[in-house]
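Remarks on the overall topology
Spelled out from the first residue to the last, the chains are:
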Amino acid sequence: MDDLIKDGLIQDGLTDAALEAGRKLFAAECRFFYGAQKLDQLPPPAGPEVAFAGRSNVGKSSLLNALTGRRALARTSSEPGRTRQLNFFDLGGRLTLVDMPGYGYARASKQIKADWQGMMFDYLRGRTTLIRVMLLLDSRIEMKPADHAVMKLLDRAAVTFQVVLTKADGLKPPALARKQDEVRQLVRAHPAAFPEIATTSAETGLGIEELRAVLAGLVG
Ligand SMILES: Nc1nc2c(ncn2[C@@H]2O[C@H](COP(=O)(O)OP(=O)(O)OP(=O)(O)O)[C@@H](O)[C@H]2O)c(=O)[nH]1
Ligand SMILES: [Mg+2]
């Protein structure tokens, strides 16, 4: 892990104070408070919200568990399509974390797919309290058309998104560095993209402290 930090493979430039702020924020209790299956069932917008979006199986729920240090806060599964609703978690009254259903789940029926994606896209477009979308990409696989489509949607909606590479434990450092370069280049073409990407593994904890710090920086 130290080597990865030294090589700049996980986000550097975060001060000790920022890391401490991240630790503090995530030391607070995190609790599930709402599940929405339909857009008209969303909880009323309150404090700042960060949503975790990405293809089915990319590791959204696992990342939330790693961030909050809770093994089973959000349900995970090796079978894609585990998370079927927008799940809202309150983190110490300071930040709402939203675990989204994955897009691009090939085996879902057309109708289900249209419903989910319609709702997710409407949520991403219309939620006034959404301060950033963490857009997760699996570091081990190629980006898919649906990933590009979501980035374009976020550009159009002017919702800032930050790419988070997941499952970085599955790559050797040179391959990971190549992937990071490729994704950094790609996000440059997206006006709504935050220029820095995050690199994580829910399995080894790589980049988790750093991501906590980034999120703490958002709520000030
Ligand atoms: N190797 C590795 N596997 C991971 C990591 N994070 C998640 N996984 C695995 O990837 C699979 C999917 O994880 P989830 O967290 O359920 O993915 P999701 O994005 O929430 O999936 P949906 O809710 O279906 O959209 C599970 O088998 C996890 O164990 C990681 O950092 N490294
Ligand atoms: Mg999930």
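It should be noted that the structure appears before, not after, this text.
Thresholds applied
- Residues numbered from 1 in each chain as written.
- Chains lettered and ligands numbered in written order.
- Predicted model: local features only at pLDDT ≥ 70, side-chain atom pairs only at ≥ 80, totals over all residues.
- Heavy atoms only, no water.
- Helix = DSSP H or I, 4+ residues; strand = E, 2+ residues; numbered from the N terminus.
- Expected span 1.5 Å × (residues − 1).
- Buried < 20%, exposed > 50% of the residue type's maximum accessible area, 1.4 Å probe, protein only.
- Arc of directions from axis to C-beta.
- Contact = heavy atoms within 4.5 Å.
- Pairing = 2+ DSSP bridges.
- Core = buried A, V, L, I, M, F, W, Y, C linked by side-chain atoms within 4.5 Å.
- 1 Å grid on protein atoms, 1.4 Å probe; cavity = no way out; pocket = protein on both sides within 12 Å on 5 of 7 lines; lining within 4 Å.
- Points joined across faces, edges and corners; volume = space filled by probe spheres on them.
- Axes fitted to C-alpha atoms, helices over the stretch in contact; angles between N-to-C directions.
- Parallel < 35°, antiparallel > 145°, perpendicular 65-115°, else oblique.
- Nonpolar A, V, L, I, M, F, W, Y, C, P; charged D, E, K, R; others polar.

A few words now on helix H2 (residues 16-27). Here H2 is 12 residues long and its end C-alpha atoms lie 16 Å apart, about the 16 Å a rise of 1.5 Å per residue gives. Within the sequence span of H2, burial applies to Leu-19, Gly-22, Leu-25 and Phe-26. Each buried residue of H2 sits inside an arc of 125° when the element is viewed along its axis, so together they form one side. In H2, the exposed residues that point more than 90 degrees away from the buried face are Asp-16, Ala-17, Lys-24 and Ala-27. If you follow the buried residues of H2, they end up packed against helix H3 (60-68), strand E3 (86-91), strand E4 (95-99) and helix H7 (208-219).

Next up on the list: the pairing of E3. Of all 6 residues making up E3, 6 are buried, and the element is well covered by its neighbours. Residues Leu-86, Phe-88 and Asp-90 line one face of E3 and the alternating positions Asn-87, Phe-89 and Leu-91 line the opposite face, and both faces are buried. One ladder, built from 6 bridges, connects strand E1 (residues 30-36) with E3; its direction is antiparallel. If you follow Cys-30 over to E3, its bridge partner there is Leu-91. Inspection of the sheet shows E3 paired to E4 by 5 bridges, in the antiparallel sense. Each bridged residue has a counterpart across the sheet, and for Asp-90 the counterpart in E4 is Thr-96.

By the secondary structure assignment, Thr-96 is in strand E4. A residue is classified by how much of its surface remains accessible, and Thr-96, at 9% relative accessible area, is buried. Not counting chain neighbours up to four residues away, the residues in contact with Thr-96 comprise Phe-33, Pro-48, Glu-49, Val-50, Phe-88 and Phe-89.

Turning next to the nonpolar core. Grouped together as the largest cluster of nonpolar side chains are 32 residues, with contacts concentrated most on Leu-86, Met-100, Tyr-123 and Phe-161. When residues of this core are traced back to their parent elements, those giving at least two are strand E2 (49-54), E3, helix H4 (110-126), strand E5 (130-138), helix H5 (145-157), strand E6 (161-166) and helix H6 (173-188). For this core, the leading source of residues is H4, giving 5 residues. Membership of the second largest hydrophobic core comes to 25 residues, among which are Val-50, Leu-64, Ala-74 and Val-164.

Taken as a whole, the largest pocket encloses approximately 630 Å³ of empty space. Every residue lining the largest pocket is counted, 32 residues in all, and those nearest its centre are Gly-59, Ser-62, Leu-63, Thr-76 and Ala-202. With 6 residues, H3 is the single largest residue contributor to the lining of the largest pocket.

Let's shift gears to the packing of H3 against H7. Packing of H3 against H7 leaves a shortest axis separation of 9 Å and a crossing angle of 85°. What the angle tells us is that H3 and H7 run roughly perpendicular. Counting all contacts with H3, which are made through Leu-63, Ala-66 and Leu-67, the residues of H7 involved are Ile-208, Leu-211, Arg-212 and Leu-215. Broken down by class, the residue content of the contact of H3 with H7 amounts to 6 nonpolar, no polar and 1 charged.

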